[in-house]
Each structure stands twice: as C-alpha cells, then as structure tokens.
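Fold and geometry: a report
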Amino acid sequence: MSADSVGFFKKFHEKITSEVDDVTRNNFANLESNASRVSYLHGLPAVRDYDLSSDVNSDEISVRKDLEKALRLKDEGNQAVQKGDWVKSLQLYTRSLMYVPKKDSDELAIVYANRSAALNHLEQYEDALDDIKRCLSLAYPRHLRYKVLERKARCLLVLQRNQEAVKAFQDTISALDEATNLNKEKRQKMRTDAKLMLEVLNKGLVLAGQPKDPERLKKTPPKPKLQCAINKQYPAASAAIQIDQDDTKGRYATAARDITAGETILIEKPQSAVLLPEYAKTHCQNCFMKCPIPLACPNCPNVIFCSEKCLDAALKTYHAYECHILPILWKSGCSVTCSISLRMITQNSKEYFKKIQSELDKKPNGTYKSEDYRNIYNLVAHEDKRTKQDFLHRTQMAVFLLKLLELSGYFDGKPREKPLEADNLRTMATAEEYKEDVAFFGSLLLKNLQVLQFNAHEVFELQCPRPKPGQNIIKHNGKSVFLAGAVFPTLALFNHSCDPGVVRYFWGPYVIVRAAKNIKKGEEVAENYGPIFTTVSKEQRQADLRSQYWFDCKCKPCEENWPMYEQMTENYMRFKCNSDKPCPNVIPVPYDCNEFMIKCGLCNQYTNILKGLKSLQDTEMLNKLGKAAFDDGNYGDALKRFIDTLKIYDTCLSPPYKSFYDCLNQIKQCIIFMASTYSTV
C-alpha cells in the first residue's frame, strides 16, 4: 500500500499527516463509513489547498505525442536501412510510431510502410502484412501504394497464401497506374513481373484444384482449458472444486471429488489487473504479452498494445480515462495495488456503479462471475481490525486517486482529450458539482484499497535466455519476473497453507491453477500466500502472515510444527498405518529393519511394509527417467514420471520427508515450464 520513496505521494502523505491535529484525528477516528472518511479528509483545508504541481517538473506531468521527435526517429530508421541494419531500423520505426500524433495520419501511414519493409527483410511476414494493412487504411500516398501492395504479394507468396497473393498482384498492377513518380521503364517492368506471377499462380491454383489458403499463424499458444466440466456456480473453477464456508475459515475451497496431481482446477481472468510501469513500453497494456511489434495508443506515447483487439478494448474502457493521467500516477510512486484500485473504477462506466450502488453490501446470488465488481467488494477487508492511522493513510491515497478521476473526465463520462498541465494540479480540491461523486467513488476507492491488501496477486512472466541458433529454448534456465498486479475473485476464495496443494502460473493476465498433489474428496484445496514451510521457519511464517494478512495460520505444518526441508531426516521411512480401521498414525521404520510386520503404537494393528518396500524400489528408476526428460526440456514426459512417483509415495509413506518434496518440486516445475507463456531476453 505504501508509496515508493521516489514518488511525490510520500511527501503529500507526510505533510498532511503532520498538519492533522489531535482534534481532527479524533473526529476522523469516530467516522464509521468509508464515504464519511473520504468526504471529511477531502474537505480539510490542508488537503484541498495542497499544490501537487510543486512536487512535479512540468515535463513530467504529461508525456505527449511529438511529431518532430517522430520524424527524427523515422529519419534515423531510414539511415539504419541504408546501412543494412534492419533490426535497428525496426526499433527506430517502432519508436517513431509511438510519437506520431493521430492527426498526422499521412506520416503515420509512411512509418507503418517503412516498418513493414524492415519486417519483410527480417522475414517476419505476418507482422509485415499487418503493418501494410494499417498503412493502406490511413492516408498513405496513392502514388506510392504500388510499393506496399507488391510487398504484400511477396509476403503472401512466402506464406503460401496464394489466393490472397493473386489479389495482391492484381492490386499492384492497378496501383502502378497512379505511380506518377516512377519512370516509365521501371513501371512497365513491375507490371510485366506482376502479370507473370499472376499467370504462374493461376495455373498452379487450377492444377491444385483451387485449394484454400492456409490459416494465419498464431503468435501465442491457445489459452488452456479446464479438463473437465466447469463448476456451475463458480464457472472459473472446475466441477472438482466446491466452495464451502464456516465461521472460522470464511469461504474456502475443497475437493468435490478426488483430484489428481497435474489436473487443471481453475482458469480465471482477473476482475482487474495493471501492468507495472517499467513494462509499459515492452508489454501489452491490456493482455500483458510481450510485443516487439507493438501498436501505440493514438492519444499518448505512454503505453503499447499487441493488437487492434487489445487497443480497442482498452480505449473503450479504462485507457480512455487513464491515458493522460498515467504519467502523474506513475510519478506519484504509488504501489501497483493503488493502480488496481483506480483501474477497478475506470474499467467500468460511472453508470455501472450507480446502477449497483444499492446492491454493494449484498453478496450476489447465483453464478459467481469474475467480472462482477460486487464479488470483489464483498471479499475480506478486515475493516473492523484497522487502526485510525491505517484508515488515514489509505484515505489520503483515495483522495489523491479521486483527484485523478476528476482530471480524467470520469465524473462527466467524457474522457479527457488534452494532456495535463501544471495548473490542473495546483489544488487537490474537486469541483463542488462532484460532491456526491467524491463521497461515493471515494468510498469505493477506499474499499478497493482495503480489499486488495489481502486479495491481490502478483502476475509473473517466465523470461528465458535466448537460445543459440539451432537450439530449443530450455525454460528451466529462465526465471519468473513480477510483471503486473491483479485480483482474481474466485482464486481469492482459496485459503492459505504453508504446504499448498496447488501451483499457479499465468497466460497473459489469466491465472491457471493446477493440482500439485493428489487431493482426496473433502480435503481443503489451499494455495500459498508467500511463506512455504520447507524454506521458512514456523516463527517467521506466522509473523509474516500475521503482519501482512492478519491471521494466525492453522495449517498442518504449523499445527504439527513440521521441520524445514534441511532439517528433515531420512534415517527412517514414515510408513502409513494400513490397519482395517482408519488410523492417522505414522509408523517409523529404520532402513535396516529386518521385520515386515510392524505394530502401530496407536491402534495396535500390524502393517505389512513388504509391499510398500517393493513399490518404493520403482521410484528410483522413475525419478531418473523424469530428471533426464526434464533436463532435455521434455516437461510433459517428465511430469508423467514424477506423478507416478508421487502416487507410490502417497500409497506408502506420510510426509514430511525430503524425497516427497523433491518430487513435489519437480512436479511444480514441470507444470510451470510446460504450460507457461514466456519471453526471451
């Protein structure tokens, strides 16, 4: 929640806090609703008169489109082309596109055309075709259209999309009639070449029976799907999951049937998610995929998108309002949870919130939809446990975000068209006409900040070293990088365990949760909020969870004080008691034991360990085969071997012991590396 030390919000927070006297603090402490807290603080002279413009340099308040800069970058790209450096030209043309103003569509078209040439030379034909389509949809000079149309035809030929290539060559011939700047001889040669290609293509298509063109190659792998029926009430989860509730645990997930290790049990799109500022120029603002051939926002040079689909989705919702306030939001140094709190508002219209205002304090009945704000609103916020200082700090952030909402045009339902100026920040006060909006949306922002403290998740991307020519990418040489923050309403219902039964990874903004263990029907399905018992001591885990999430962990490793991994001993095997009656006891069996019938000290029944010992002999070979497959990057094959090993362990032995957690760690790694999207660095 706290602001970054390099941002100006820290100064605002310290100044306002220092100017709040004891009477004001007591008055604030006696307020019982989020709306009254925001309205009261917002009305204080110290807040209303605060001049934010004094904390920010004028050139940091907004970053604007700049035709002069765009033309300079385009010229540098042209110079790189003359030197044969197509990679550098591609980078420069892309940067140029970021700064071309929307009104200069002729320049925008030319830079797209130039970038398509670079992409064509770099054999990125699909991307070249996309840029050609964009430049032709803009004011690209008619006397130059023959160039990009001929380039389009050649790209389609390489991709064996011959039906489309025929049309492109026909368009090239037509466009040559308008090529007034092209000398007659060259124009005639291009026309002759195009006609010759048309003749060859048409003959080939007739002989082949006019086959359809192949489908366009997809840039990203398909989104994973649940392997079984979905849960009708919680559609982000599989039918193997049910959500239970009691007074102690609140809502939590349990297994509706036996769940097998590796099984996908949840795929959820976030209700709201925000990319970290440091990735705003490398990853799509909407889907978080890395995009080396990006599209720019037409109104600002601050963010990029991977496709028209993502660009349109953003411009129709949150980015329409955030476009001109992002620089000041980033400069404030606020955390990603603060940005999510704002995004949770800007992604929906003012009318949407007004419509559900009377329903916010009631949990929605029926299907639990991830996109429904009411489901977020009713997640745990621990409002009853908060100190007045905690409320004061969060309310200060809510007031700052409120000011940004006003400046964005949100309260009027009309996105701001012009970049911010210093004069816009000379006061934190909002117009009197927005008094009701201040109370209502301020209360939502403050509620969001409280909910996100306990329910937000970090979104990671797997970044792998670029392989040498001819080599495959070995994902286990990569690392997970914190990319964005998000809130997943269904995943937020899963409780914590220091020995979690699941592993989660990400496909863009989607979270995918798979079972890492075999989970029996009726058992709780828990995820992990940070500390794992194998690597963090009980005292540290309890302290961390109490500090960040405000609860005392009662999971099995905490209740039974399980040892950390390095403290586990394998001087003996931890056999399960297999008496006729269910018995939870663990039977310690030394490795040099000569007996096969071992008496349980709890139920006094005998357990035959011979069958278990024979099964355990198979685990050594399974582990070797699994590790060999893993080292070769064959994660699917490795996963099968490790899951088979885990089944044997589950049948005979009871954790904690090192071999079990070695196997569990291998399963988690296989799942992550087999299915995660990744980028190369």
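Computed from a prediction, not measured in an experiment: that's the story for all the values here. (Residues numbered from 1 in each chain as written. Predicted model: local features only at pLDDT ≥ 70, side-chain atom pairs only at ≥ 80, totals over all residues. Heavy atoms only, no water.)

1. Section: the overall build of the protein chain
Worth spelling out the cut-off: Helix and strand assignments come from DSSP, with helices taken as H or I runs of at least 4 residues and strands as E runs of at least 2, each series counted from the N terminus. Accessible area is worked out with a 1.4 Å probe on protein chains only. A residue is then buried under 20% of its type maximum, exposed over 50%, and partly exposed in between. Here a residue-residue contact requires only that any non-hydrogen atoms of the pair lie within 4.5 Å. Throughout, the Shrake-Rupley method with a 1.4 Å probe supplies accessible areas, and for residues the shown protein chains are the sole cover considered. A positive count includes Lys and Arg, and a negative count includes Asp and Glu. His and the chain ends are not counted in either. For charged residues, the charge sits on one atom: NZ in Lys, CZ in Arg, CG in Asp, CD in Glu.
Within the protein chain, the regular secondary structure consists of 25 helices and 15 strands. Principal-axis analysis of the C-alpha atoms places the extent of the protein chain at approximately 100 × 80 × 45 Å. For the protein chain, the proportion of its 681 residues judged to be buried stands at 52%. When contacts within the protein chain are restricted to residue pairs at least 6 apart in sequence, those whose partners lie at least 24 apart make up 68%. Looking at the protein chain as shown, the accessible area adds up to about 33200 Å², and 48% of this sits on carbon and sulfur atoms. The distance from the centre of the 96 positive side-chain charges to the centre of the 85 negative ones in the protein chain is 4 Å.

2. Details of the packing of helix α23 (residues 610-631) against helix α24 (residues 635-652)
What counts, and what does not: In this description, a line fitted to the C-alpha atoms serves as the axis of each element, helices being fitted only across the stretch in contact, and the angle between N-to-C directions of two axes falls anywhere from 0 to 180 degrees. Note that the term roughly parallel is reserved for angles under 35 degrees, roughly antiparallel for angles over 145, roughly perpendicular for angles of 65 to 115, and oblique for everything else. The hand of a helix crossing depends on one turn: near helix anticlockwise from the far one by less than a right angle means left-handed, and clockwise means right-handed.
Remark: α23 packs on α24, axes separated minimally by 8 Å, with the N-to-C direction vectors making an angle of 160 degrees. In terms of orientation, α23 lies roughly antiparallel with respect to α24. Remark: the crossing between α23 and α24 carries left-handed chirality. Facing α23, whose interface residues are Gly612, Ser615, Leu616, Asp618, Thr619, Leu622, Asn623, Leu625, Gly626, Lys627, Ala629 and Phe630, α24 presents Tyr635, Asp637, Ala638, Arg641, Phe642, Asp644, Thr645, Ile648, Tyr649 and Cys652.

3. Notes on the pairing of strand β1 (residues 241-246)
Put simply, side chains in a regular strand alternate between the two faces of the sheet. Here is the rule: Two strands pair if DSSP finds at least two bridges between them.
Sheet analysis places β1 next to strand β2 (residues 250-255), joined by 6 bridges and oriented antiparallel. Bridge pairing links Asp246 to Gly250 in β2. A loop of 3 residues connects β1 with β2, the two strands running antiparallel in sequence.

4. Digging into the pattern of salt bridges
For clarity, the threshold we go by: Salt bridges are identified by distance alone: a Lys or Arg side-chain nitrogen within 4 Å of an Asp or Glu carboxyl oxygen.
Applying the stated criterion to the full structure yields 36 salt bridges. Across the pair Lys203 and Glu199 runs a salt bridge whose closest N-O atoms are separated by 3.5 Å. With a gap of 4 residues between them, Lys203 and Glu199 both fall in helix α12 (residues 184-207), about one helical turn apart. Exposure remark for Lys203: the relative accessible area of 51% places this residue in the exposed category. Glu199 sits in the partly exposed class, given a relative accessible area of 44%. For Arg257, the salt bridge identified is with Glu263, shortest N-O distance 2.5 Å. Linked by salt bridges that have partners in common, Glu126, Asp130, Arg161, Glu164 and Arg216 make up one network.

5. Thoughts on unusual backbone geometry
Looking along the chain, the bond that leaves Pro655 and enters Pro656 is cis, with omega of 15 degrees. Residue position: Pro656 is located in the loop between α24 and α25 (658-675). Here the phi dihedral of Trp550 falls at roughly 65 degrees; this positive angle occurs in a residue that is not glycine. Tracing the backbone through its elements, the reader meets Trp550 in the loop between α21 (538-549) and α22 (556-559). For Asn561, which is not a glycine, the phi torsion comes out positive at approximately 55 degrees. Along the chain, Asn561 falls in the loop between α22 and β11 (572-576).

6. Notes on the state of the cysteines
Applied cut-off: In plain terms, two cysteine sulfur atoms within 2.5 Å form what is called a disulfide here.
Considering all chains together, one arrives at 0 disulfides under this definition. With no disulfide of its own, Cys306 has Cys287 as its nearest cysteine by sulfur position, at a separation of 3.6 Å. Residue classification places Cys306 among the partly exposed residues on the basis of a relative accessible area of 22%. The thiol of Cys310 is not disulfide-bonded; the next cysteine sulfur, from Cys306, is found 3.7 Å away.

7. Regarding the nonpolar core
What counts, and what does not: To qualify as a nonpolar core, a set must consist of buried Ala, Val, Leu, Ile, Met, Phe, Trp, Tyr and Cys residues joined through side-chain atoms within 4.5 Å.
Ranked by internal contacts, the top residues of the largest apolar core, which has 206 residues, are Phe400, Phe441 and Val525. Element by element, the count of residues in this core is highest for helix α19 (residues 388-408), at 11 residues.

8. Some words on the packing of aromatic side chains
What counts, and what does not: Side-chain rings of Phe, Tyr and Trp (the six-membered ring for Trp) are treated as a pair once their centres are within 6.5 Å; stacked means planes under 30 degrees apart, edge-to-face means over 60, and tilted covers the remaining angles.
Per the stated rule, a full pass over the model turns up 29 aromatic pairs. Ring geometry for Phe8 versus Phe400: centroids 5.7 Å apart, planes at 85 degrees, classification edge-to-face. Linking Phe8 in the segment before α1 (9-19) with Phe400 in helix α19, this pair joins segments that are 392 residues apart in sequence. As far as the burial class goes, Phe8 and Phe400 line up, both buried. Between Phe460 and Phe482 the ring centres are 6.1 Å apart and the planes differ by 45 degrees, which places this aromatic pair in the tilted class. With Phe460 in strand β7 (residues 456-464) and Phe482 in strand β8 (residues 479-487), this residue pair connects regions lying 22 residues apart in the sequence. Look at Phe460 and you get partly exposed, because its relative accessible area is 30%. Judged by relative accessible area, Phe482 falls into the partly exposed class, the value being 27%. Cluster of aromatic residues (ring-pair linked, three or more members): Tyr321, Tyr352, Phe353, Tyr373, Tyr377, Tyr410, Phe411, Tyr434, Phe440 and Phe441.

9. Notes on the sheet that holds strand β10 (residues 510-515)
Pairing in this open sheet of 3 strands is antiparallel, and the strands run β3-β10-β9 from one edge to the other. Whereas interior strands pair on both sides, the edge strands pair on one side only; in this sheet they are β3 (264-268) and β9 (502-507). On average, adjacent strands in this sheet sit at an angle of 20 degrees to one another, irrespective of strand direction. One ladder, built from 4 bridges, connects β3 with β10; its direction is antiparallel. Residue pairing across strands places Leu266 opposite Val513, the latter belonging to β10. The strands that α25 touches are β9 and β10; relative to β9, the one it contacts most, it runs at about 15 degrees.

10. Side note on the side chain of Thr645
Here is the rule: Each polar contact in these results corresponds to two N or O atoms within 3.5 Å; when the atoms are within protein, one needs to be able to donate a hydrogen and the other to accept it, and residues that are neighboring in sequence are counted only if both atoms are side-chain atoms.
Looking at where Thr645 falls in the secondary structure, it is placed in helix α24. Owing to a relative accessible area of 0%, Thr645 belongs among the buried residues under this scheme. In this structure the side chain of Thr645 is engaged in a polar contact, spanning 2.9 Å, whose partner is the backbone oxygen of Arg641. Apart from the residues lying within four places of it in its own chain, the contact partners of Thr645 are Thr619, Leu622, Asn623 and Cys663.

11. Focus on the environment of Phe353
Topologically, Phe353 is positioned in helix α17 (residues 350-356). For the pair Phe353 and Phe440, spaced 87 residues apart in the sequence, the C-alpha separation amounts to 9.3 Å. Among all residues touching Phe353, those that are not within four sequence positions of it are Met344, Ile345, Asn348, Tyr373, Tyr410, Phe440, Phe441 and Leu444.

12. Section: a positive patch on the surface
Let me state the cut-off plainly: Only residues above 30% relative accessible area that lack a salt bridge enter a patch, with like-charged residues linked at up to 9 Å and the nonpolar side chains Val, Leu, Ile, Met, Phe, Trp and Tyr linked at up to 5 Å.
Taken together, the side chains of Lys223, Lys225, Lys269 and Lys309 make up a positively charged region of the molecular surface. Mapped onto the secondary structure, Lys223 falls in the loop between α12 and β1. Judged by its relative accessible area of 37%, Lys223 is partly exposed.

13. Focus: the confidence of the model for the protein chain
This is how it is decided: For every residue, the predictor assigns a confidence score, pLDDT, that lies between 0 and 100.
Mean pLDDT for the protein chain: 92, with 97% of residues reaching 70 or above. Contacts for the low-pLDDT stretch residues 1-5, under 50 throughout, to residues beyond four places or in other chains number 17 contacts.

14. Re the environment of Pro294
With respect to the secondary-structure elements, Pro294 resides in the loop between β4 (272-275) and β5 (295-296). For the pair Pro294 and Gln245, spaced 49 residues apart in the sequence, the C-alpha separation amounts to 45 Å. Every residue in contact with Pro294, bar those within four places of it in the chain, is listed here: Thr94, Arg115, Ile304 and Phe305.

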